[in-house]
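# Secondary and tertiary structure notes
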Amino acid sequence: MAAVEAAGPGPAPAPDYEAAELYTRVFRVGALGRCWRQQLGPPDLSLAAEAGAEAAELGCAAAAELGCAAETAAELRAVCRIRKKALQRREETIIVDRACRQETLAYEMESHAIGKRPDNPTDLVEEGELLLTLNIYYPVIFQKHKDHKPYQTVLVLGSQRLTELRDSISCVSDLQIGGEFSSQTDQAPEHISKDLYKSAFFYFEGIFYNDKRYPECRDLSRTIIEWSESHDRGYGNLQSVKMEDYTFNDLSLKIGFPYLFCHQGNCEHIVIITDVRLIHRDDCLDRNLYPLLIKKHWLCTRKCFVCKMYTARWVTNKDSLAPEDPCFFCDVCFRMLHYDVEGNKLGEFLAYPYVDPGIFN
(Lines give C-alpha, C1' and ligand atoms only; values in the text may rest on other atoms or scores of the structure.)
Protein backbone atom coordinates (compact mmCIF):
# COMPACT_ATOMS: atom_id res chain seq x y z
CA MET A 1 0.00 0.00 0.00
CA ALA A 2 1.47 3.28 -1.09
CA ALA A 3 0.64 6.72 0.24
CA VAL A 4 1.87 10.29 -0.03
CA GLU A 5 1.95 11.88 3.40
CA ALA A 6 1.15 15.52 4.06
CA ALA A 7 4.13 17.75 4.72
CA GLY A 8 2.27 19.75 7.34
CA PRO A 9 -1.17 20.24 8.88
CA GLY A 10 -4.22 20.04 6.71
CA PRO A 11 -5.49 17.46 4.23
CA ALA A 12 -3.03 15.00 2.72
CA PRO A 13 -2.12 15.64 -0.92
CA ALA A 14 -3.01 12.09 -2.02
CA PRO A 15 -4.98 9.14 -0.64
CA ASP A 16 -3.82 5.56 -0.23
CA TYR A 17 -3.86 3.68 -3.51
CA GLU A 18 -5.86 0.96 -1.76
CA ALA A 19 -8.03 1.71 1.25
CA ALA A 20 -9.26 -1.02 3.58
CA GLU A 21 -11.84 1.34 5.09
CA LEU A 22 -15.09 2.44 3.52
CA TYR A 23 -13.53 5.74 2.47
CA THR A 24 -10.09 7.33 2.19
CA ARG A 25 -8.44 10.10 4.17
CA VAL A 26 -9.21 13.67 3.19
CA PHE A 27 -7.05 14.86 0.28
CA ARG A 28 -6.98 17.82 -2.09
CA VAL A 29 -7.94 16.81 -5.61
CA GLY A 30 -5.60 19.23 -7.38
CA ALA A 31 -2.63 18.11 -5.25
CA LEU A 32 -3.34 14.50 -6.18
CA GLY A 33 -3.16 15.39 -9.87
CA ARG A 34 0.12 17.25 -9.41
CA CYS A 35 1.67 14.29 -7.58
CA TRP A 36 0.74 11.91 -10.39
CA ARG A 37 2.00 14.25 -13.10
CA GLN A 38 5.34 14.57 -11.28
CA GLN A 39 5.74 10.80 -11.05
CA LEU A 40 4.71 9.95 -14.62
CA GLY A 41 6.49 10.86 -17.83
CA PRO A 42 5.13 12.34 -21.08
CA PRO A 43 4.55 8.89 -22.69
CA ASP A 44 2.30 7.92 -19.76
CA LEU A 45 0.28 11.14 -19.96
CA SER A 46 0.04 11.31 -23.75
CA LEU A 47 -3.44 11.30 -25.30
CA ALA A 48 -2.17 10.78 -28.86
CA ALA A 49 -3.76 8.00 -30.87
CA GLU A 50 -2.02 4.65 -30.93
CA ALA A 51 0.97 4.87 -33.27
CA GLY A 52 2.11 2.25 -35.76
CA ALA A 53 5.13 1.25 -33.69
CA GLU A 54 2.96 0.77 -30.63
CA ALA A 55 0.50 -1.30 -32.67
CA ALA A 56 3.36 -3.51 -33.90
CA GLU A 57 4.58 -3.90 -30.32
CA LEU A 58 1.09 -4.88 -29.21
CA GLY A 59 0.94 -7.36 -32.08
CA CYS A 60 4.18 -9.00 -30.96
CA ALA A 61 2.95 -9.14 -27.37
CA ALA A 62 -0.32 -10.74 -28.49
CA ALA A 63 1.57 -13.30 -30.58
CA ALA A 64 3.77 -14.22 -27.62
CA GLU A 65 0.76 -14.52 -25.31
CA LEU A 66 -1.18 -16.69 -27.77
CA GLY A 67 1.87 -18.76 -28.68
CA CYS A 68 1.45 -18.22 -32.41
CA ALA A 69 3.33 -16.55 -35.25
CA ALA A 70 3.21 -12.76 -35.67
CA GLU A 71 1.41 -13.21 -39.02
CA THR A 72 -1.32 -15.25 -37.32
CA ALA A 73 -1.75 -12.60 -34.61
CA ALA A 74 -2.01 -9.87 -37.27
CA GLU A 75 -4.65 -11.91 -39.09
CA LEU A 76 -6.63 -12.33 -35.87
CA ARG A 77 -6.50 -8.55 -35.27
CA ALA A 78 -7.82 -7.95 -38.78
CA VAL A 79 -10.67 -10.43 -38.25
CA CYS A 80 -11.55 -8.76 -34.93
CA ARG A 81 -11.70 -5.35 -36.62
CA ILE A 82 -14.06 -6.73 -39.28
CA ARG A 83 -16.18 -8.34 -36.56
CA LYS A 84 -16.29 -5.05 -34.64
CA LYS A 85 -17.53 -3.16 -37.71
CA ALA A 86 -20.19 -5.81 -38.30
CA LEU A 87 -21.39 -5.48 -34.71
CA GLN A 88 -21.53 -1.70 -35.04
CA ARG A 89 -23.71 -2.01 -38.16
CA ARG A 90 -25.90 -4.50 -36.33
CA GLU A 91 -26.35 -2.11 -33.40
CA GLU A 92 -27.57 0.59 -35.76
CA THR A 93 -30.37 -1.62 -37.10
CA ILE A 94 -31.13 -3.88 -34.13
CA ILE A 95 -34.73 -4.05 -32.92
CA VAL A 96 -34.75 -3.91 -29.14
CA ASP A 97 -37.50 -5.89 -27.46
CA ARG A 98 -38.91 -5.07 -24.06
CA ALA A 99 -36.88 -7.70 -22.22
CA CYS A 100 -33.44 -6.38 -23.18
CA ARG A 101 -34.26 -2.67 -23.30
CA GLN A 102 -32.66 -1.91 -19.94
CA GLU A 103 -29.48 -3.87 -20.72
CA THR A 104 -29.19 -2.14 -24.10
CA LEU A 105 -29.59 1.27 -22.47
CA ALA A 106 -26.86 0.47 -19.94
CA TYR A 107 -24.48 -0.68 -22.70
CA GLU A 108 -25.11 2.36 -24.86
CA MET A 109 -24.67 4.75 -21.94
CA GLU A 110 -21.30 3.26 -21.01
CA SER A 111 -19.87 2.91 -24.53
CA HIS A 112 -21.27 5.75 -26.67
CA ALA A 113 -18.43 8.18 -25.90
CA ILE A 114 -15.46 5.82 -25.46
CA GLY A 115 -12.47 7.13 -27.39
CA LYS A 116 -14.48 10.01 -28.88
CA ARG A 117 -12.34 12.93 -30.01
CA PRO A 118 -13.59 16.47 -30.76
CA ASP A 119 -13.82 17.86 -34.28
CA ASN A 120 -12.31 21.11 -33.03
CA PRO A 121 -8.77 20.59 -31.59
CA THR A 122 -9.35 23.38 -29.07
CA ASP A 123 -11.99 21.19 -27.38
CA LEU A 124 -9.51 18.37 -26.72
CA VAL A 125 -9.02 17.50 -23.05
CA GLU A 126 -5.55 18.44 -21.81
CA GLU A 127 -2.98 15.78 -21.00
CA GLY A 128 -2.76 15.00 -17.28
CA GLU A 129 -6.37 16.03 -16.66
CA LEU A 130 -8.07 14.38 -13.68
CA LEU A 131 -11.26 12.40 -14.20
CA LEU A 132 -13.67 11.94 -11.27
CA THR A 133 -16.49 9.38 -11.10
CA LEU A 134 -19.53 10.43 -9.07
CA ASN A 135 -22.59 8.47 -8.02
CA ILE A 136 -25.67 10.67 -7.53
CA TYR A 137 -28.43 9.02 -5.53
CA TYR A 138 -32.18 9.39 -5.55
CA PRO A 139 -33.65 12.12 -3.35
CA VAL A 140 -34.35 11.12 0.22
CA ILE A 141 -38.09 11.53 -0.44
CA PHE A 142 -37.94 8.48 -2.76
CA GLN A 143 -38.42 5.92 0.02
CA LYS A 144 -38.07 2.95 -2.35
CA HIS A 145 -34.55 3.81 -3.54
CA LYS A 146 -33.10 6.24 -1.01
CA ASP A 147 -30.81 3.72 0.73
CA HIS A 148 -28.97 1.94 -2.06
CA LYS A 149 -29.72 3.04 -5.61
CA PRO A 150 -27.57 5.61 -7.42
CA TYR A 151 -29.69 6.84 -10.28
CA GLN A 152 -26.89 8.63 -12.14
CA THR A 153 -23.18 7.92 -12.55
CA VAL A 154 -21.31 10.90 -14.00
CA LEU A 155 -17.74 11.56 -15.12
CA VAL A 156 -16.42 15.09 -14.53
CA LEU A 157 -13.08 16.71 -15.27
CA GLY A 158 -11.01 18.15 -12.44
CA SER A 159 -10.88 21.53 -14.17
CA GLN A 160 -14.68 21.82 -14.46
CA ARG A 161 -16.62 24.10 -12.17
CA LEU A 162 -19.15 22.76 -9.69
CA THR A 163 -21.88 24.67 -11.50
CA GLU A 164 -21.37 22.47 -14.57
CA LEU A 165 -22.20 19.38 -12.53
CA ARG A 166 -25.12 21.19 -10.88
CA ASP A 167 -26.63 22.02 -14.29
CA SER A 168 -26.19 18.45 -15.55
CA ILE A 169 -28.04 16.71 -12.70
CA SER A 170 -31.50 15.61 -13.82
CA CYS A 171 -34.14 15.49 -11.11
CA VAL A 172 -37.90 15.25 -11.43
CA SER A 173 -38.26 17.94 -8.74
CA ASP A 174 -36.88 20.54 -11.16
CA LEU A 175 -39.61 19.77 -13.70
CA GLN A 176 -42.61 20.10 -11.40
CA ILE A 177 -45.31 22.59 -12.35
CA GLY A 178 -47.05 24.33 -9.48
CA GLY A 179 -50.76 25.06 -9.43
CA GLU A 180 -54.18 23.48 -9.87
CA PHE A 181 -55.45 23.42 -13.48
CA SER A 182 -58.83 21.65 -13.51
CA SER A 183 -60.57 24.77 -14.83
CA GLN A 184 -57.86 25.79 -17.29
CA THR A 185 -56.01 22.73 -18.59
CA ASP A 186 -55.00 24.49 -21.79
CA GLN A 187 -53.26 27.31 -19.98
CA ALA A 188 -49.57 26.58 -20.45
CA PRO A 189 -47.57 27.24 -17.28
CA GLU A 190 -44.89 29.86 -17.75
CA HIS A 191 -42.22 28.26 -15.58
CA ILE A 192 -41.13 24.95 -14.14
CA SER A 193 -39.68 24.69 -10.65
CA LYS A 194 -36.08 24.93 -11.86
CA ASP A 195 -36.83 28.34 -13.41
CA LEU A 196 -38.47 29.65 -10.25
CA TYR A 197 -36.23 28.20 -7.54
CA LYS A 198 -32.63 28.31 -8.73
CA SER A 199 -30.91 28.05 -5.37
CA ALA A 200 -28.81 24.95 -4.65
CA PHE A 201 -25.66 23.87 -2.83
CA PHE A 202 -23.07 21.09 -2.65
CA TYR A 203 -21.61 20.15 0.73
CA PHE A 204 -18.02 18.86 0.85
CA GLU A 205 -15.93 18.62 4.02
CA GLY A 206 -17.41 21.43 6.08
CA ILE A 207 -17.97 23.84 3.17
CA PHE A 208 -21.29 24.70 1.52
CA TYR A 209 -20.83 25.61 -2.15
CA ASN A 210 -23.90 27.74 -2.93
CA ASP A 211 -25.11 28.52 -6.44
CA LYS A 212 -25.22 32.35 -6.49
CA ARG A 213 -25.13 32.94 -10.26
CA TYR A 214 -28.54 34.60 -10.36
CA PRO A 215 -29.92 37.54 -8.36
CA GLU A 216 -32.83 35.46 -7.05
CA CYS A 217 -30.53 32.75 -5.61
CA ARG A 218 -30.62 32.41 -1.83
CA ASP A 219 -28.05 30.95 0.54
CA LEU A 220 -29.80 27.69 1.45
CA SER A 221 -27.01 26.77 3.86
CA ARG A 222 -27.46 29.81 6.10
CA THR A 223 -30.13 28.15 8.24
CA ILE A 224 -27.95 25.05 8.74
CA ILE A 225 -24.89 27.12 9.69
CA GLU A 226 -26.87 29.22 12.17
CA TRP A 227 -28.38 26.05 13.68
CA SER A 228 -24.90 24.54 14.04
CA GLU A 229 -23.45 27.66 15.66
CA SER A 230 -26.38 28.33 18.00
CA HIS A 231 -25.56 25.55 20.46
CA ASP A 232 -22.01 24.53 19.46
CA ARG A 233 -23.15 21.18 18.09
CA GLY A 234 -19.65 19.94 17.30
CA TYR A 235 -19.58 20.48 13.54
CA GLY A 236 -16.73 22.97 13.64
CA ASN A 237 -16.68 26.18 11.64
CA LEU A 238 -18.95 25.55 8.67
CA GLN A 239 -18.29 27.86 5.73
CA SER A 240 -20.38 29.13 2.83
CA VAL A 241 -18.80 30.05 -0.53
CA LYS A 242 -19.93 30.58 -4.12
CA MET A 243 -20.21 27.41 -6.18
CA GLU A 244 -19.28 29.15 -9.42
CA ASP A 245 -15.85 30.15 -8.06
CA TYR A 246 -14.60 26.59 -7.51
CA THR A 247 -13.51 23.67 -9.67
CA PHE A 248 -13.18 20.05 -8.57
CA ASN A 249 -9.41 20.52 -8.38
CA ASP A 250 -10.02 23.04 -5.58
CA LEU A 251 -11.92 20.57 -3.40
CA SER A 252 -10.76 18.57 -0.41
CA LEU A 253 -12.71 15.32 -0.12
CA LYS A 254 -12.71 11.60 0.60
CA ILE A 255 -13.30 8.86 -1.94
CA GLY A 256 -16.28 6.74 -0.93
CA PHE A 257 -17.67 9.26 1.56
CA PRO A 258 -21.29 10.47 1.25
CA TYR A 259 -21.65 14.19 0.50
CA LEU A 260 -24.74 16.25 -0.28
CA PHE A 261 -26.41 18.09 -3.14
CA CYS A 262 -29.52 20.07 -2.18
CA HIS A 263 -31.88 21.98 -4.48
CA GLN A 264 -35.52 23.05 -4.55
CA GLY A 265 -35.20 23.92 -0.87
CA ASN A 266 -35.39 20.37 0.51
CA CYS A 267 -34.68 17.92 -2.33
CA GLU A 268 -31.51 16.24 -1.05
CA HIS A 269 -29.27 13.87 -3.04
CA ILE A 270 -26.37 11.88 -1.65
CA VAL A 271 -23.23 12.33 -3.82
CA ILE A 272 -20.35 9.85 -3.55
CA ILE A 273 -17.03 10.19 -5.40
CA THR A 274 -16.03 6.61 -6.23
CA ASP A 275 -12.88 7.15 -8.30
CA VAL A 276 -10.27 9.78 -9.18
CA ARG A 277 -7.73 9.04 -11.92
CA LEU A 278 -5.84 10.56 -14.83
CA ILE A 279 -7.60 10.62 -18.17
CA HIS A 280 -6.50 8.05 -20.77
CA ARG A 281 -6.43 8.12 -24.56
CA ASP A 282 -9.31 5.61 -24.65
CA ASP A 283 -11.58 7.90 -22.62
CA CYS A 284 -13.87 10.48 -24.16
CA LEU A 285 -11.55 13.37 -25.03
CA ASP A 286 -14.18 15.91 -26.08
CA ARG A 287 -14.37 18.47 -23.29
CA ASN A 288 -17.82 19.62 -24.41
CA LEU A 289 -19.35 16.23 -23.53
CA TYR A 290 -18.43 16.53 -19.84
CA PRO A 291 -19.99 16.10 -17.33
CA LEU A 292 -20.55 12.74 -19.05
CA LEU A 293 -23.46 10.56 -17.97
CA ILE A 294 -22.35 6.91 -18.19
CA LYS A 295 -25.00 5.10 -16.14
CA LYS A 296 -28.62 5.73 -15.31
CA HIS A 297 -31.04 3.66 -13.27
CA TRP A 298 -34.09 2.42 -15.12
CA LEU A 299 -37.48 3.30 -13.62
CA CYS A 300 -40.83 1.86 -14.63
CA THR A 301 -43.19 4.63 -15.66
CA ARG A 302 -46.61 5.08 -14.09
CA LYS A 303 -49.25 4.26 -16.67
CA CYS A 304 -52.64 5.86 -17.18
CA PHE A 305 -55.33 4.30 -14.94
CA VAL A 306 -57.78 4.09 -17.87
CA CYS A 307 -55.90 2.92 -20.95
CA LYS A 308 -52.95 1.26 -19.13
CA MET A 309 -50.76 2.18 -22.13
CA TYR A 310 -49.49 5.75 -21.97
CA THR A 311 -47.46 7.50 -19.29
CA ALA A 312 -49.51 9.54 -16.82
CA ARG A 313 -49.59 13.29 -17.43
CA TRP A 314 -52.25 14.34 -14.91
CA VAL A 315 -53.03 13.42 -11.29
CA THR A 316 -56.39 14.17 -9.71
CA ASN A 317 -57.55 14.52 -6.12
CA LYS A 318 -61.11 14.45 -4.73
CA ASP A 319 -62.20 13.16 -8.13
CA SER A 320 -65.87 12.15 -8.28
CA LEU A 321 -65.23 10.27 -11.55
CA ALA A 322 -62.19 8.28 -10.38
CA PRO A 323 -62.21 5.07 -8.30
CA GLU A 324 -59.16 6.04 -6.22
CA ASP A 325 -57.47 9.12 -4.80
CA PRO A 326 -55.03 10.16 -6.14
CA CYS A 327 -55.67 8.87 -9.67
CA PHE A 328 -53.33 9.16 -12.68
CA PHE A 329 -54.33 9.77 -16.32
CA CYS A 330 -52.68 10.28 -19.67
CA ASP A 331 -53.64 13.50 -21.43
CA VAL A 332 -56.16 11.90 -23.83
CA CYS A 333 -58.03 9.86 -21.22
CA PHE A 334 -58.00 12.75 -18.75
CA ARG A 335 -59.74 15.10 -21.20
CA MET A 336 -62.21 12.50 -22.50
CA LEU A 337 -63.34 11.56 -18.99
CA HIS A 338 -63.41 14.96 -17.29
CA TYR A 339 -64.61 17.40 -20.00
CA ASP A 340 -67.38 17.56 -22.59
CA VAL A 341 -66.88 18.39 -26.28
CA GLU A 342 -66.95 22.12 -25.50
CA GLY A 343 -64.27 21.71 -22.85
CA ASN A 344 -66.59 22.23 -19.88
CA LYS A 345 -65.66 20.54 -16.66
CA LEU A 346 -67.63 17.42 -15.66
CA GLY A 347 -67.96 16.58 -12.00
CA GLU A 348 -65.80 17.82 -9.14
CA PHE A 349 -62.06 17.23 -9.01
CA LEU A 350 -58.69 18.89 -8.58
CA ALA A 351 -56.16 18.38 -11.40
CA TYR A 352 -52.39 18.83 -11.25
CA PRO A 353 -49.75 18.25 -13.94
CA TYR A 354 -47.78 15.10 -13.20
CA VAL A 355 -44.13 14.57 -14.10
CA ASP A 356 -43.21 10.89 -14.06
CA PRO A 357 -39.69 10.00 -12.76
CA GLY A 358 -39.44 7.47 -15.58
CA ILE A 359 -39.20 10.20 -18.21
CA PHE A 360 -35.42 10.17 -17.73
CA ASN A 361 -35.29 6.63 -19.15
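### Observations regarding the overall build of the protein
Along the backbone of the protein there are 9 helices and 13 strands. Classification of the 361 residues of the protein by burial places 37% in the buried group. For the protein, the proportion of contacts with a sequence separation of at least 24, taken over those separated by at least 6, is 63%. Accessible area for the protein stands at about 21300 Å²; split by element, carbon and sulfur atoms hold 53% of it.

### Structural notes on the sheet that holds strand β11 (residues 314-317)
Note on sheets: strands pair through backbone hydrogen bonds, and any given pair is parallel or antiparallel. Pairing is antiparallel across the open sheet formed by 3 strands, whose spatial order is β12-β11-β13. On the outer flanks of this sheet lie β12 (327-329) and β13 (350-353), each paired with one strand and no other. Strand-to-strand, the axes of this sheet are offset by a mean angle of 30°, without reference to chain direction. Strands β11, β12 and β13 of the sheet are contacted by helix α9 (residues 331-338), whose axis makes an angle of about 40° with β11.

### Re the side chain of Glu-129
Relative to the assigned elements, Glu-129 resides in the loop between α5 (101-111) and β2 (130-139). Side-chain polar atoms of Glu-129 contact the side chain of Ser-159, separated by 2.8 Å. Not counting residues within four places of it along the chain, the set of residues in contact with Glu-129 comprises Leu-157, Gly-158, Ser-159, Asn-249, Arg-277, Leu-278, Ile-279 and Arg-287.

### Observations concerning the nonpolar core
Counting 36 residues, the largest nonpolar core has Leu-132, Leu-165, Phe-202 and Tyr-209 as the members making the most contacts within it. Those elements that provide at least two residues to this core are α1 (29-39), β2, β3 (150-157), α6 (162-168), β4 (200-204), β5 (207-210), β8 (258-263) and β9 (267-278). With sequence-adjacent residues up to four places away left out, Phe-202 is seen in contact with Leu-162, Leu-165, Arg-166, Ile-169, Ile-207, Phe-208, Tyr-209, Met-243, Leu-260 and Phe-261.

### Details of the packing of aromatic side chains
Counting across every chain of the model gives 14 aromatic pairs. For the pair Tyr-209 and Tyr-246, a centre-to-centre distance of 5.2 Å together with 75° between the ring planes defines the contact as edge-to-face. Taken together, the residues Tyr-209 in strand β5 and Tyr-246 in the loop between β6 (239-242) and β7 (252-253) connect sequence positions 37 residues apart. Look at Tyr-209 and you get buried, because its relative accessible area is 3%. Take Tyr-246: its relative accessible area is 27%, and that puts it in the partly exposed class. Aromatic pair Phe-334 and Tyr-339: ring centres 5.7 Å apart, planes at 70°, arrangement edge-to-face.

### What about the sheet that holds β6?
In spatial order, the strands read β6-β5-β4-β8-β9-β2-β3-β10; together these 8 strands make up an open sheet with mixed pairing. Bordering the open sheet on either side are β6 and β10 (292-296), each of which pairs with just one other strand. Across this sheet, the average inter-strand angle for adjacent strands is 25°, counted without regard to direction. In this sheet, β9 lies alongside β8 in antiparallel orientation, the contact comprising 6 bridges. From the neighbouring strand, Tyr-259 faces β9, where its bridge partner is Val-271. Relative to β6, helix α8 (residues 222-230) is tilted by about 160°, and along the sheet it contacts β4, β5 and β6.

### As for α9
For α9, the set of buried residues is Cys-333, Phe-334 and His-338. Along the axis of α9, the buried positions cluster into a sector of 105°, meaning they face one direction only. Exposed and facing more than 90 degrees away from the buried side of α9 are Val-332 and Met-336. Packed against the buried residues of α9 are β11, β12 and β13.

### Looking at the environment of Thr-247
Turning to its location among the elements, Thr-247 is positioned in the loop between β6 and β7. Overall, Thr-247 belongs to the buried group, its relative accessible area being 13%. Sequence separation between Thr-247 and Glu-164 is 83 residues, and the spatial gap between their C-alpha atoms is 9.3 Å. Apart from the residues lying within four places of it in its own chain, the contact partners of Thr-247 are Gly-158, Ser-159, Gln-160 and Arg-161.

### Quick word on α1
Three- or four-residue spacings in an α-helix give side chains the same orientation, since the helix completes a turn every 3.6 residues. Within the sequence span of α1, burial applies to Val-29, Gly-30, Ala-31, Leu-32, Gly-33, Cys-35 and Trp-36. Buried residues belonging to α1 abut β1 (27-28), β2, β7 and β9.

### A closer look at a nonpolar patch on the surface
Taken together, the side chains of Val-306, Leu-321, Leu-337 and Leu-346 make up a nonpolar region of the molecular surface, amounting to roughly 290 Å² of accessible area. Within the element layout of this structure, Leu-346 appears in the loop between α9 and β13. Judged by relative accessible area, which is 34%, Leu-346 ranks as partly exposed.

### Some thoughts on unusual backbone geometry
In this structure, Pro-291 follows Tyr-290 across a cis peptide bond, with omega equal to 0°. Mapped onto the elements, Pro-291 comes out in the loop between β9 and β10. The step from Asp-325 to Pro-326 runs through a cis peptide bond, and the omega angle for that step is 0°. The residue Pro-326 is located in the loop between β11 and β12 in this model.

What counts, and where the lines are drawn
Residues numbered from 1 in each chain as written. Predicted model: local features only at pLDDT ≥ 70, side-chain atom pairs only at ≥ 80, totals over all residues. Heavy atoms only, no water. Helix = DSSP H or I, 4+ residues; strand = E, 2+ residues; numbered from the N terminus. Buried < 20%, exposed > 50% of the residue type's maximum accessible area, 1.4 Å probe, protein only. Contact = heavy atoms within 4.5 Å. Areas by Shrake-Rupley, 256 points an atom, 1.4 Å probe, with all protein chains shown as cover. Pairing = 2+ DSSP bridges. Axes fitted to C-alpha atoms, helices over the stretch in contact; angles between N-to-C directions. Polar contact = N/O pair within 3.5 Å; in protein donor to acceptor, adjacent residues only side chain to side chain. Core = buried A, V, L, I, M, F, W, Y, C linked by side-chain atoms within 4.5 Å. Phe/Tyr/Trp six-rings, centres within 6.5 Å; stacked < 30°, edge-to-face > 60°. Arc of directions from axis to C-beta. Patch = residues over 30% accessible without salt bridge, like charges linked within 9 Å, V, L, I, M, F, W, Y side chains within 5 Å. Salt bridge = Lys/Arg side-chain N within 4 Å of Asp/Glu carboxyl O.

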